[in-house]
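Residue strings, one per chain:
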Amino acid sequence: SIENILFLLKQDVKLICVACNTVSSFALPVIKHHFKVPIVGVITPGVREAVYATRNNRIGVIGTKGTIKSRSYELEIKQIKPKAKVTAVACPLFVPFAEEGWLSGRVVLEVAKAYLKPLKHAGVDTVILGCTHYPLLKPVIQEVLGKQVTLIDSAKQVAIEIKKILASEDMLNRAKGGGKHRFYVSD
């Protein structure tokens, strides 16, 4: 995470978004204090939306083993809404399914049914998709959980938060031509 931030700082960025839920769970609290550039993670915006959306105070969280083990979502939900009942489930095969393009079909559906059973049993009405890969599987997840369950993808909330931060720091790009776009990827 630190290497990535140092690379991005060399690109003269205004703000860094840590889009990975696992990195946000473990590294974000530490790295935010070591750099002057604003750094935003995905957990807080997703939690705020889930707490707002729940009707029965039963919130589910699905994520990688690391994200779930960190209990970062659960702790943050409880901080905002102490009476909330949180059911967190690791869904490790969802990442390779998404990366392989296996977004539907019998195998994906059966694995989703197995993973999501505890959430159905707990009667959650809101589920946070705690991995950036999981929105690709949203149709299958919704099918298994039912239309009455609200799925929270933190991407929209993160974008709103980033815009607020940039506006409050007077760093929004007001040029008519827009900003520069450069994309860097890692494996």
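That block above? That's the structure.
Everything quoted here is computed from the prediction, not taken from an experiment.

### Here we look at the environment of Asn57
Structurally, Asn57 is set in the loop between helix H4 (43-53) and strand S3 (58-63). Judged by relative accessible area, which is 26%, Asn57 ranks as partly exposed. With 25 residues separating them in the primary sequence, Asn57 and Pro82 have C-alpha atoms 9.6 Å apart. Once residues within four sequence positions are removed from consideration, Asn57 is found in contact with Lys81, Lys83, Ala84 and Lys85.

### Things to note about the packing of H4 against helix H10 (residues 155-168)
Each pair of packed helices gets described by two things: the angle between the helix axes and the distance between those axes. Put simply, H4 and H10 touch, their axes get as near as 8 Å, and they point 115° apart. If you check the angle between H4 and H10, you find them roughly perpendicular. For H4 against H10, the interelement crossing comes out right-handed. Contact with H4, carried on its side by Pro45, Arg48 and Glu49, involves Gln157, Val158 and Glu161 of H10 and no other residues of that element. Here the contact of H4 with H10 is composed, by residue class, of two nonpolar, one polar and three charged.

### Notes on empty space enclosed by the protein
If you walk through the whole model with that rule in mind, you get one cavity of 30 Å³ or more. Roughly 50 Å³ of volume is contained in the largest cavity. Of all the secondary structure elements, the ones that give two or more residues to the lining of the largest cavity are helix H5 (65-70), helix H6 (72-80) and strand S4 (85-90). Among the elements that line the lining of the largest cavity, the one with the most residues is H6, at three residues. Across the lining of the largest cavity, the residue classes break down as five nonpolar, two polar and two charged.

Parameters at a glance
Residues numbered from 1 in each chain as written. Predicted model: local features only at pLDDT ≥ 70, side-chain atom pairs only at ≥ 80, totals over all residues. Heavy atoms only, no water. Helix = DSSP H or I, 4+ residues; strand = E, 2+ residues; numbered from the N terminus. Buried < 20%, exposed > 50% of the residue type's maximum accessible area, 1.4 Å probe, protein only. Contact = heavy atoms within 4.5 Å. Axes fitted to C-alpha atoms, helices over the stretch in contact; angles between N-to-C directions. Parallel < 35°, antiparallel > 145°, perpendicular 65-115°, else oblique. Left-handed = near helix turned anticlockwise from the far one by under 90°. Nonpolar A, V, L, I, M, F, W, Y, C, P; charged D, E, K, R; others polar. 1 Å grid on protein atoms, 1.4 Å probe; cavity = no way out; pocket = protein on both sides within 12 Å on 5 of 7 lines; lining within 4 Å. Points joined across faces, edges and corners; volume = space filled by probe spheres on them.

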